[in-house]
Amino acid sequence: MKNVFLGAMAFTLLGCGAQQPKMIEDVNPMNYAESITSKELKEHLYIFASDEYEGRETGEPGQKKAAEYLKKEYKSLQIISPLGGDDYYQEVPSSMFRGDVKDSENVLAYIPGSEKPNEILVISSHYDHVGIDDEGNIFNGADDDGSGTVAILEIAEAFAKARKDGFTPKRSILFLNVTGEEKGLIGSKYYTDNPVFALSQTVANLNIDMIGRTDEAHKKNDNYVYLIGSDKLSTELHELSEAVNAKYTKLDLDYTYNDENDPNRFYYRSDHYNFAKNDIPIIFYFNGVHADYHKMTDTPDKIRYDLLEKRARLVFLTAWEIANREERPTVDKGAKTSSK
């Protein structure tokens, strides 16, 4: 009789334990990082950087098709829009642009946080490119910035898989695909001027712009990514980034372009800068410039999908750490306000 009672008691306790909420600290994020695969990145990019999208020129039909593709993918992942309902587009009016540029749109998708929903991590890329030249040549922009855009889709899928398993990030995550970067960082400027979530609630921005290729400086060692800006505003964010890479991806983090005296001034030349100048800590992920930069030869067959996979996993794992740690990254340095 005693054994029956103890057995029933154990069963009851086991049943109670099964009802306990899952603790995100108990899961290995690599379980979800590994869902980011070169195969799926390639499948996305061969569509996104195809001639059908006509070089994704801001305001033109190809860019609109690209926006629809992103929206469709977010909806298939059951990632909602922060704008409500079926509206995933933040309209960017033509008045924001110089010259004859039509209305365009940022594409926004959102996973609400489980414990700190009012604190927002923004993961961004630009999905526009430079379109078609006067001779009808299409500039597909596979690396610039098709690579960053499809990386975000895979990162979003990884977070969606974790959420489905009961591991929703503690902080909210905004996936922000901006337009008009090639026109002067216009889409990201429009967002930071008209934020869906208050900038004071935005804890960090991880920006991805070209992570699918290698440059001349890394012919002998392609296991790298350039990091720019990680220490400009937050020592804590920089140290977190280093620790995540050391634990998981073990890429060579190259800070060459992080030097304030670097003549390329890349820190001021991609969409993260509109967050940084508002004292929001940022990390910019970049593979460097190559011979096909802004040429019609920037095509998906030249992408190193193995490196794209590894770099995208680094962004995901860094985002996971930021989203789930106890405190937001401390800003202990002032924003640099020098112009582009």
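Residues numbered from 1 in each chain as written. Predicted model: local features only at pLDDT ≥ 70, side-chain atom pairs only at ≥ 80, totals over all residues. Heavy atoms only, no water.

1. Notes on the nonpolar core
1) Next: Among the nonpolar cores identified, the biggest contains 66 residues, and Y74, I123, F159, F175 and F316 are the most heavily contacted of them.
2) Next: Not counting the four nearest positions on each side in its chain, F159 is found in contact with I111, I123, P169, I173, F175, F316, A319 and W320.
3) Next: The next biggest cluster of nonpolar side chains, apart from the first, holds 26 residues, and it includes Y110, Y224, A276 and F286. (Core = buried A, V, L, I, M, F, W, Y, C linked by side-chain atoms within 4.5 Å. Buried < 20%, exposed > 50% of the residue type's maximum accessible area, 1.4 Å probe, protein only. Contact = heavy atoms within 4.5 Å.)

2. Let's talk about the packing of aromatic side chains
1) Next: With the rule as written, the count across this model stands at 22 aromatic pairs.
2) Next: Ring plane angle 20° and centroid distance 6.0 Å describe the contact between F159 and W320, whose orientation is recorded as stacked. Placement of the pair is F159 in helix 5 (residues 142–164) and W320 in helix 9 (residues 305–324), with a sequence separation of 161 residues.
3) Next: Here F159 falls in the buried class, since its relative accessible area comes to 0%.
4) Next: Their ring planes at 55° and their centres at 4.8 Å tell us that F266 and F286 sit as a pair that is tilted. Note that F266 is positioned in the loop between strand 7 (252–254) and helix 8 (272–276) and F286 in strand 8 (residues 282–286), a separation of 20 residues in sequence.
5) Next: F266 sits in the buried class, given a relative accessible area of 6%.
6) Next: Within the aromatic cluster, the residues linked to one another by ring pairs are Y32, Y74, F159, F167, F175, F316 and W320. (Phe/Tyr/Trp six-rings, centres within 6.5 Å; stacked < 30°, edge-to-face > 60°. Helix = DSSP H or I, 4+ residues; strand = E, 2+ residues; numbered from the N terminus.)

3. Digging into the side chain of D209
1) Next: In this structure, D209 sits in the loop between strand 5 (202–208) and strand 6 (224–228).
2) Next: Buried charge D209 goes without a salt bridge, the closest partner of opposite sign being R269 at 8.5 Å.
3) Next: Here H126 takes part through its side chain, which lies 3.2 Å from a polar atom of the side chain of D209.
4) Next: Of note is the side chain of D209, whose polar atom sits 2.8 Å from the side chain of S270.
5) Next: Those residues in contact with D209 that sit more than four places away from it in its chain are H126, D144, D145, E181, S270, F284, Y285 and F286. (Lys, Arg positive; Asp, Glu negative; His and termini not counted. Salt bridge = Lys/Arg side-chain N within 4 Å of Asp/Glu carboxyl O. Polar contact = N/O pair within 3.5 Å; in protein donor to acceptor, adjacent residues only side chain to side chain.)

4. Considering the pattern of salt bridges
1) Next: Throughout the structure, instances matching the rule amount to 18 salt bridges.
2) Next: One salt bridge in this structure joins R213 and D292, with 2.7 Å as the shortest N-O distance. Of this pair, R213 sits in the loop between strand 5 and strand 6 while D292 is found in the loop between strand 8 and helix 9, placing the two residues 79 residues apart along the sequence.
3) Next: Accessibility expressed as a relative area gives 9% for D292, which makes it buried.
4) Next: A single network of salt bridges, built from pairs that share partners, joins K71, K75 and D86.

5. Side note on the sheet that holds strand 8
1) Next: Judged by pairing direction, the sheet is mixed, and its eight strands sit side by side in the order 1-2-4-3-5-8-6-7 without closing on themselves. Every interior strand has two partners, whereas the edge strands, strand 1 (89–92) and strand 7, have only one. Each strand axis lies, on average, 25° off the axis of its neighbour in the sheet, ignoring direction.
2) Next: Taken together, the five bridges between strand 2 (residues 104–111) and strand 4 (residues 171–178) define a ladder with antiparallel strand orientation. Within the sheet, the bridge partner assigned to A109 lies in strand 4 and is F175.
3) Next: Packing of helix 6 (residues 186–193) onto the sheet brings it into contact with strand 1, strand 2 and strand 4, and relative to strand 1 it is tilted by some 105°. (Pairing = 2+ DSSP bridges. Axes fitted to C-alpha atoms, helices over the stretch in contact; angles between N-to-C directions.)

6. Here we look at unusual backbone geometry
As a rule of thumb, non-glycine residues mostly have phi less than zero, and peptide bonds are mostly trans rather than cis.
1) Next: That bond from D144 to D145 is cis: its omega, -10°, falls within 30 degrees of zero.
2) Next: In this fold, D145 is placed in helix 5.
3) Next: In this structure, E54 takes a positive phi of about 50° despite not being glycine.
4) Next: Relative to the helices and strands, E54 is located in the loop between helix 3 (38–48) and helix 4 (61–76).
5) Next: At H294, a residue that is not glycine, the phi angle is positive and equals roughly 55°.
6) Next: Looking at where H294 falls in the secondary structure, it is placed in the loop between strand 8 and helix 9.

7. Structural notes on helix 4
1) Next: In this model helix 4 runs 23 Å from its N-terminal to its C-terminal C-alpha over 16 residues, within 8% of the 22 Å that 1.5 Å per residue would give.
2) Next: What helix 4 keeps buried is the set G62, Q63, A66, A67, Y69, L70, K71, E73 and Y74.
3) Next: Of the surrounding secondary structure, the elements contacted by the buried residues of helix 4 are helix 3, strand 1, strand 2, helix 5 and strand 4.
4) Next: A positive backbone phi angle near 60° is found at Q78, which sits one or two residues after helix 4. (Expected span 1.5 Å × (residues − 1).)

8. Brief notes about the environment of L308
1) Next: Counting through the fold element by element, L308 comes out in helix 9.
2) Next: Sequence separation between L308 and V150 is 158 residues; the distance between their C-alpha atoms is 9.5 Å.
3) Next: Beyond its immediate stretch of four places on either side in the chain, L308 contacts L41, S147, V150, A151, I211, G212 and I303.

9. Remarks on the pairing of strand 2
1) Next: Buried residues dominate strand 2, accounting for eight of its eight residues.
2) Next: Residues S104, N106, L108 and Y110 point to one face of strand 2 and E105, V107, A109 and I111 to the other, with burial holding for every one of them.
3) Next: Relative to strand 2, strand 1 runs antiparallel, the two sharing four bridges. Within strand 2, the residue paired with Y89 across the bridge is V107.

Keep in mind that these numbers describe shape and distance, not what the molecule does.
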